[in-house]
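Per-entry structural report
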Amino acid sequence: MQLRYSFRLYPSAGQRTALARAFGCARVVYNDALRARERARVQGLPFPKAGDLSKALITEAKKTPERAWLGEVSAVVLQQSLRDLDAAYRNFFDGVKGKRLRMGAPRYKSGKDPRQAVRFTANARWSITPGQKLRLPKIGDVKVKWSRTLPSTPSTVTVVKDSAGRYFASFVVETSPEEVLPPTKSELGIDLGLGHFAVLSDGTKVDSPRFLCRAGKRLRKAQRALSRKEKGSKNRNKARVRVARAHARVADARGEFHHQLSTQLIRENQAVAVEDLAVKALARTRLAKSVHDAGWSAFVSMLEYKAARYGRTFVKIGRFEPTSQVCSVCGANNGPKPLHVREWTCGACGAVLDRDINAAVNVAKAAGLAVTACGARVRRAPVPAPRSEAGTHSTPQPSTAA
């Protein structure tokens, strides 16, 4: 399978200027191609092909005074920009046909967008120098902070500038089947929530770090400082970068937490099951801030690709499974319960169940995993004695012994 590895870049002042030029040229070619296709659509002409656009907007445009500066950057960057437009149209049409989630039509890119990216393929002849620097055509040797070793030779590299002004090199590599972990007998169901980030079917509860909530004071201070700056001024741009960096620290901390927890669960269990949550719907409620702070979708995506990478089983059950209503001991459905009920007693078997752990066990059972309720903190509720056995009797009772 293909994986993406990201490393921090530290370009010099001249290299930042060259990267800004590459970002701008790629953006102009993308917008020119989008404008040409929109014009053809309005006039009822055939849809322009990528080859025709490449010849007209890159090869021929370089010969004109208005677009002569396109020759100052690598041609591969411009070609990849056209490929990105093709991918955007493909996703849009597939969404209309119902082949994937519905996507909006391609839009023009803005030079004011703080996030920019360009991609170099093998045809660009980029390389990693003996001094462990990233050599990019018409940009130079850029310093890289290597945090780990690439498992194989990458096929492409994407240089990304984020909203906080940081530069990253993103490599696409192929992983080998040697990374498959040895099998284990443990299987696990996971119930995701807000009070606890994850509750496992073995009874373990993982607290929610709430990174956004903890950084709220710092974020509010930076945002207030930004609101007082004059629009269009250099001080406002500096304040905007400070806000973006504060949010980037929160996102990095959340991603690190997701990676550590997902890797631990995949390494220790042969099969993992989660519930398909309606995150978009929950993000439109009064719990929206907490839902975004938890980042369930990113965590589930990590579990899915890491399970495929390491030879584990990942199962996602339907969101309409009554995991919080069914007793994990006897299987009786006790009906819906309000959210403030965290512990309840089964009316059929009398078991006292923790709401979240019971749901995690039911998630595993719905996925077909061999999980029992032994770790669900189940205890029997006190059952009143029958009337015939209660109290003392003045007369001897008949013996029931055979």
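What comes next concerns the included structure. Quick caveat: nothing in here was measured; it's all calculated off a predicted structure.

All right, on to the sheet that holds strand β11 (residues 271–275) then. The strand order across the open sheet formed by five strands is β10-β9-β8-β11-β12, and the pairing between neighbours is mixed. The open sheet has two edge strands with one neighbour each: β10 (205–207) and β12 (313–317). Each adjacent strand pair in this sheet contributes to an overall mean axis angle of 20°, direction not counted. Pairing analysis gives three bridges linking strand β8 (residues 187–192) to strand β9 (residues 196–200), with the strands arranged antiparallel. The residue bridging Leu192 from the neighbouring strand is Ala198, located in β9. Each of β8, β9, β10 and β11 touches helix α6 (residues 234–268); the most contacted strand, β9, lies at about 0° to it.

For the rest of this paragraph, the subject is the pattern of salt bridges. Within the structure shown, the criterion is met by 14 salt bridges. Its salt-bridge partner being Asp86, residue Arg37 comes within 2.9 Å of it at the nearest N-O pair. Of this pair, Arg37 sits in helix α1 (residues 13–43) while Asp86 sits in helix α3 (residues 75–97), and the two are 49 residues apart along the sequence. Given the relative accessible area of 3%, Arg37 is considered buried. Between Asp141 and Arg135 there is a salt bridge, and its shortest N-O distance comes to 2.8 Å.

Attention now moves to the side chain of Thr323. Relative to the assigned elements, Thr323 resides in the loop between β12 and β13 (343–345). Apart from the residues within four sequence positions on either side, Thr323 is in contact with Glu275, Ile317, Asn358, Ala359, Asn362 and Val363.

In this section: the sheet that holds strand β6 (residues 156–161). Spatially, seven strands are ordered β2-β6-β7-β1-β5-β4-β3 in an open sheet, and the strand pairing comes out antiparallel. Pairing within the sheet leaves two strands with one partner each, and these edge strands are β2 (116–120) and β3 (127–128).

Following the sequence through the fold, Pro183 ends up in the loop between β7 (167–174) and β8. Residue class for Pro183 comes out exposed when judged on its relative accessible area of 74%. The spatial distance from the C-alpha of Pro183 to the C-alpha of Arg249 is 36 Å, given a sequence separation of 66 residues. Every residue in contact with Pro183, bar those within four places of it in the chain, is listed here: Gln270 and Arg312.

A few words on helix α10 (residues 355–366). Helical periodicity: at 3.6 residues per turn, an α-helix aligns residues three or four positions apart in one direction. End to end, α10 covers 16 Å across 12 residues, agreeing with the expected 16 Å (1.5 Å per residue, within 8%). With respect to burial, α10 is a largely interior element, 10 of its 12 residues being buried. Looking at α10, one finds that the buried residues are Arg355, Asp356, Ile357, Asn358, Ala359, Ala360, Val361, Asn362, Val363 and Ala364. Capping the start of α10 is the job of one residue whose side-chain oxygen sits 3.1 Å from the backbone nitrogen of Asp356: Asp354. Just downstream of α10, Gly368 is the residue with a positive phi angle, here 85°.

Examined against the element boundaries, Asp191 turns out to sit in strand β8. Ignoring any residue separated from it by four or fewer positions in sequence, one finds Asp191 in contact with Phe197, Ala198, Val199, Glu275, Asp356, Ala359 and Ala360.

Attention shifts here to the packing of helix α2 (residues 50–59) against α3. Close contact between α2 and α3 brings their axes to 11 Å; oriented N to C, the two are set at 140°. With respect to their mutual orientation, α2 and α3 come out oblique. Pair α2 / α3 crosses with right-handed handedness. Where α2 approaches α3, its residues Ala50, Leu53, Ser54 and Ile58 are matched on the opposing element by Leu78, Gln79, Leu82 and Asp86. Tallied by class, the residues present in the contact of α2 with α3 amount to five nonpolar, two polar and one charged.

On to the packing of aromatic side chains. Tallied over the full model, the rule gives 10 aromatic pairs. When the centroid spacing of 5.3 Å and the interplanar angle of 50° are considered together, the rings of Phe92 and Phe93 count as tilted. On the basis of relative accessibility, which here comes to 22%, the residue Phe92 falls in the partly exposed class. Take Phe93: its relative accessible area is 37%, and that puts it in the partly exposed class. Each member of the aromatic cluster is reached from another via a ring pair, and the members are Phe7, Trp126, Trp146 and Phe171. Positioned above the aromatic ring of Tyr30 is the side chain of Lys109, whose terminal nitrogen or guanidinium carbon lies 4.4 Å from the ring centre. One residue, Lys337, lies across the ring of Trp344, its end atom 4.1 Å from the ring centre.

Procedures and definitions
- Residues numbered from 1 in each chain as written.
- Predicted model: local features only at pLDDT ≥ 70, side-chain atom pairs only at ≥ 80, totals over all residues.
- Heavy atoms only, no water.
- Pairing = 2+ DSSP bridges.
- Helix = DSSP H or I, 4+ residues; strand = E, 2+ residues; numbered from the N terminus.
- Axes fitted to C-alpha atoms, helices over the stretch in contact; angles between N-to-C directions.
- Contact = heavy atoms within 4.5 Å.
- Salt bridge = Lys/Arg side-chain N within 4 Å of Asp/Glu carboxyl O.
- Buried < 20%, exposed > 50% of the residue type's maximum accessible area, 1.4 Å probe, protein only.
- Expected span 1.5 Å × (residues − 1).
- Polar contact = N/O pair within 3.5 Å; in protein donor to acceptor, adjacent residues only side chain to side chain.
- Parallel < 35°, antiparallel > 145°, perpendicular 65-115°, else oblique.
- Left-handed = near helix turned anticlockwise from the far one by under 90°.
- Nonpolar A, V, L, I, M, F, W, Y, C, P; charged D, E, K, R; others polar.
- Phe/Tyr/Trp six-rings, centres within 6.5 Å; stacked < 30°, edge-to-face > 60°.
- Lys NZ or Arg CZ within 6 Å of the ring centre and 35° of its normal.

From the geometry alone we can't say anything about function, so treat these as descriptive.
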